[in-house]
Protein chains: 2
Amino acid sequence: MDFMLAFDGGGTNCRAALAGPDGTILGRATTGPANISTDPAGAAQNIVEAARGALADAGRADLRMENIPAFLGLAGANVSSHTEDLAAHLPFRQTRFSDDAVIALQGALGDADGVIAVLGTGSVYLGRNGDVFSRAGGWGFVVGDLGSGARLGRALLQDTLLAYDRIMPRSPLTRHVMSQFDDEPARLVAFAIDEKPVGFARFAPLVFEYAERGDMVGTALVRGAVAHVDAALAAVTWPGCETLCLLGGLAPLYAQRIDAQFRGILKTPRGDALSGAIELGLRVFSSSLKKE
Amino acid sequence: MDFMLAFDGGGTNCRAALAGPDGTILGRATTGPANISTDPAGAAQNIVEAARGALADAGRADLRMENIPAFLGLAGANVSSHTEDLAAHLPFRQTRFSDDAVIALQGALGDADGVIAVLGTGSVYLGRNGDVFSRAGGWGFVVGDLGSGARLGRALLQDTLLAYDRIMPRSPLTRHVMSQFDDEPARLVAFAIDEKPVGFARFAPLVFEYAERGDMVGTALVRGAVAHVDAALAAVTWPGCETLCLLGGLAPLYAQRIDAQFRGILKTPRGDALSGAIELGLRVFSSSLKKE
């Protein structure tokens, strides 16, 4: 056993790496979303496809997945009862799960203390202060993930309908969104009924873009989201906390807007979630990986 | 053709009536939800079952549905592209659709001017001032239906998780909800992922009940919902509007809390949505119904 596979699976895509026994990445691949709690079947498919891609990228398509242990950090693993089912459907020699926040923390901070906020399609907050972990969010799109791209997008579509109904003022942003649905509210609603979080999240950059230009609806949405992120950061930080890493696609947009106390401890992440999954996987599987 | 069938299908149940040519109800039945946009297959099944029940209740199980025209007021019909599909799968001689707000307005006001607000599992607002209809809401659970039972319930579950995460203060209400999920947030999340609007709406009475006792979270949720209902009513009423009927399961709870200007024009509805569906159906089918 000279290899391991590591995965970072979220609401937007699934990234896989084939690593050697010292953690060197030999091959990589990216496929579609792998959220185990909203779409376990799709997650399994994208995981296997990503594994196949990583082996091919490493020039080792000859390796059999049945011989390789896998460490998976998956969105939704913290709230899912499907992990055992999923493990049974995956072809790897051993399959260990963690959630995407844990691998992101490890990747960003290594073994140091600090806090991460993952602000992407979903949102989750995790801090480590010695042996004590503090956690908030990560509950998914329906009743959680405030501040995430998916929730910002959903809120924008809701405000667009409220504006259409003259319950809220219209703005250039709500007009722009309505025009994307041919000014037919029923089309917007039909889109929303069938859409997964990642589809809503595609609207999030637009919210920030219009807020930047002073759009009233965009500004109110961003203000509400930033207030939530500040409140969540307050819940997971501690007096004397010196390190905060913002991760995920919306990180640069939030970095300039969060409260000064948090901006003051912002650090660049040491590595990404996939590198965190490799680190954690090496610890778990080290006894069975041949060190060279 | 001496009979017609009328239906009032919403997120909670589907009510059917067999009516004679003068609108007299000969039999009634109630089955499960019939929301055409969130669950068209389930809607079709519950509609047919309700029809069968109404025929049996009238002691006319001998009648064949293929010989009876049907007028259906269905939640989601305003945003659905499934009405033609559904009509093709229903056994009635003729099938005409309206949405649930239109039949509710007809039932509550007859041909008079005024406004209705349906505040049940979903929410929708409809006004008629002469030939002019004003409409708001009714866009469904995901990006609409503010003030509805489903949205109140969803917001309660969200606040319960925020309180669990110490992002918001806990209250007797959030503790009560957590205890219903064995104090396991993952169970709450698993419930929310798979749940339909009606399941969320079951939590709504609890929100009002705790608000009544001064619970901080319940009070804030009710205040927000009432503010939305007031804003929606402002959008669909007009100067001099003299009639407002609140309908749906939450109507009595909102009636005492909406703004004084709206409380001042509250009237008791003349009839229910099902009677509205019969009235509208009689107009549509009158030429083919034998008057006695």
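The name given to chain A in an unreviewed UniProt entry is N-acetylglucosamine kinase, with the source organism recorded as Oricola cellulosilytica.

Time to look at the pattern of salt bridges. All names here are of chain A. All chains considered together, the criterion is met by 20 salt bridges over all chains. Between D111 and R283 there is a salt bridge, and its shortest N-O distance comes to 2.9 Å. Of this pair, D111 sits in the loop between α3 (100-109) and β6 (114-119) while R283 sits in helix α12 (residues 273-285), placing them 172 residues apart in sequence. Two residues, R187 and D182, come together in a salt bridge whose shortest N-O distance is 2.3 Å. The class of D182 is partly exposed, set by a relative accessible area of 47%.

Residue and element names in this part refer to chain A. Burial in helix α8 (residues 204-212) covers these residues: A204, L206, V207, F208, Y210 and A211. Of the surrounding elements, those touching the buried residues of α8 are α4 (149-164), α5 (172-180), α7 (197-201), α9 (216-236) and α10 (251-255). The positive-phi residue at the C-terminal boundary of α8 is G214, with phi of around 90 degrees.

Time to look at the side chain of A:R151. Mapped onto the elements of the fold, A:R151 is located in helix α4. The charged side chain of A:R151 is buried without a salt bridge, its nearest counter-charge being A:D145 at 7.5 Å. There is a polar contact of 2.8 Å between the side chain of A:R151 and the backbone oxygen of A:G144. With near-sequence residues (within four places) excluded, A:R151 lies in contact with A:F141, A:V142, A:V143, A:G144, A:D145, A:L146 and B:Q158.

Right, let's get into the state of the cysteines. All names here are of chain B. With the rule as written, the count across this model stands at 0 disulfides over all chains. C241 forms no disulfide, and the closest cysteine sulfur to it belongs to C245, at a distance of 9.8 Å. A relative accessible area of 9% places C241 in the buried class.

Each side of the interface is counted separately: chain B has 31 residues, and chain A has 31 residues. Buried surface at the junction of chain B and chain A, summed over both partners, amounts to about 2600 Å²; 71% is from carbon and sulfur atoms. Connecting chain B to chain A are 0 salt bridges. Between chain B and chain A we count 6 residue pairs in polar contact (both at pLDDT 80 or more) in total. Going through the elements one at a time, β8 (132-137), α4 (149-164), α6 (185-194) and α9 (216-236) of chain B are the ones with two or more residues in the side of chain B that touches chain A. Element by element, the count of residues in the side of chain B that touches chain A is highest for α4(B), at 7 residues. A class-by-class count of the residues in the side of chain B that touches chain A yields 21 nonpolar, 5 polar and 5 charged.

So, on to the environment of A:D8. All names here are of chain A. Along the chain, the position of D8 falls in strand β1 (residues 4-9). A relative accessible area of 15% means that D8 is categorised as buried. Spatially, the C-alpha atoms of D8 and D113 are 22 Å apart, while their sequence positions differ by 105 residues. Discounting chain neighbours no more than four positions away, the residues touching D8 are N13, C14, R15, G73, D100, I103, A273 and L274.

Residue and element names in this part refer to chain B. One way to put it is that α4 packs onto helix α5 (residues 172-180) with a least axis distance of 9 Å and a crossing angle of 95 degrees. What the angle tells us is that α4 and α5 run roughly perpendicular. Of α5, the residues touching α4 (which contributes L156, L157, D159, T160, A163 and Y164) are L173, T174, V177 and M178. Grouping the amino acids of the contact of α4 with α5 by side-chain chemistry returns 7 nonpolar, 2 polar and 1 charged.

Next up on the list: the sheet that holds β6(A). Residues and elements named next belong to chain A. Reading across from one edge, β8-β7-β6-β9 is the order of the 4 strands in this open sheet, with mixed pairing throughout. Every other strand in the sheet has two partners, leaving β8 (132-137) and β9 (244-247) as the edge strands with one partner each. Geometrically, the sheet is characterised by an average inter-axis angle of 10 degrees between neighbouring strands, direction not taken into account. Of the pairings in the sheet, the one linking β6 to strand β7 (residues 123-129) comprises 6 bridges and is antiparallel in character.

Residue and element names in this part refer to chain A. For the pair α4 and helix α6 (residues 185-194), the least separation of the axes is 11 Å and the interaxial angle reads 160 degrees. When the axis of α4 is compared with that of α6, the two are roughly antiparallel. Judged by the twist between their axes, the crossing of α4 over α6 is left-handed. Two secondary-structure elements touch here, α4 through L157, T160, L161 and Y164 and α6 through P185, L188, V189 and F191. Here the contact of α4 with α6 is composed, by residue class, of 7 nonpolar, 1 polar and no charged.

All names here are of chain A. Looking at α5, one finds that the buried residues are L173, T174, V177 and M178. All buried residues of α5 lie within an arc of 135 degrees about the axis, which places them on one face of the element. On the buried face of α5, the contacting elements are α4, α6, α8 and α9. At the C-terminal side of α5, D182 shows a positive phi close to 55 degrees.

Turning next to the pairing of strand β1 (residues 4-9) of chain B. All names here are of chain B. With respect to burial, β1 is a largely interior element, 6 of its 6 residues being buried. Here β1 shows no split at all, with M4, A6 and D8 on one side and L5, F7 and G9 on the other all buried. Note: β1 against strand β2 (residues 14-19), 6 bridges, orientation antiparallel. Each bridged residue has a counterpart across the sheet, and for A6 the counterpart in β2 is A17. Here β1 folds back onto β2 in antiparallel fashion, the turn holding 4 residues. As paired strands, β1 and strand β4 (residues 70-74) are joined by 5 bridges and run parallel to one another. Paired with A6 across the strands is F71, a residue of β4.

Here is what the cut-offs are and how they apply
- Residues numbered from 1 in each chain as written.
- Chains lettered and ligands numbered in written order.
- Predicted model: local features only at pLDDT ≥ 70, side-chain atom pairs only at ≥ 80, totals over all residues.
- Heavy atoms only, no water.
- Salt bridge = Lys/Arg side-chain N within 4 Å of Asp/Glu carboxyl O.
- Helix = DSSP H or I, 4+ residues; strand = E, 2+ residues; numbered from the N terminus.
- Buried < 20%, exposed > 50% of the residue type's maximum accessible area, 1.4 Å probe, protein only.
- Contact = heavy atoms within 4.5 Å.
- Lys, Arg positive; Asp, Glu negative; His and termini not counted.
- Polar contact = N/O pair within 3.5 Å; in protein donor to acceptor, adjacent residues only side chain to side chain.
- Disulfide = S-S within 2.5 Å.
- Buried area = accessible area lost by both parts, 1.4 Å probe.
- Nonpolar A, V, L, I, M, F, W, Y, C, P; charged D, E, K, R; others polar.
- Axes fitted to C-alpha atoms, helices over the stretch in contact; angles between N-to-C directions.
- Parallel < 35°, antiparallel > 145°, perpendicular 65-115°, else oblique.
- Pairing = 2+ DSSP bridges.
- Left-handed = near helix turned anticlockwise from the far one by under 90°.
- Arc of directions from axis to C-beta.

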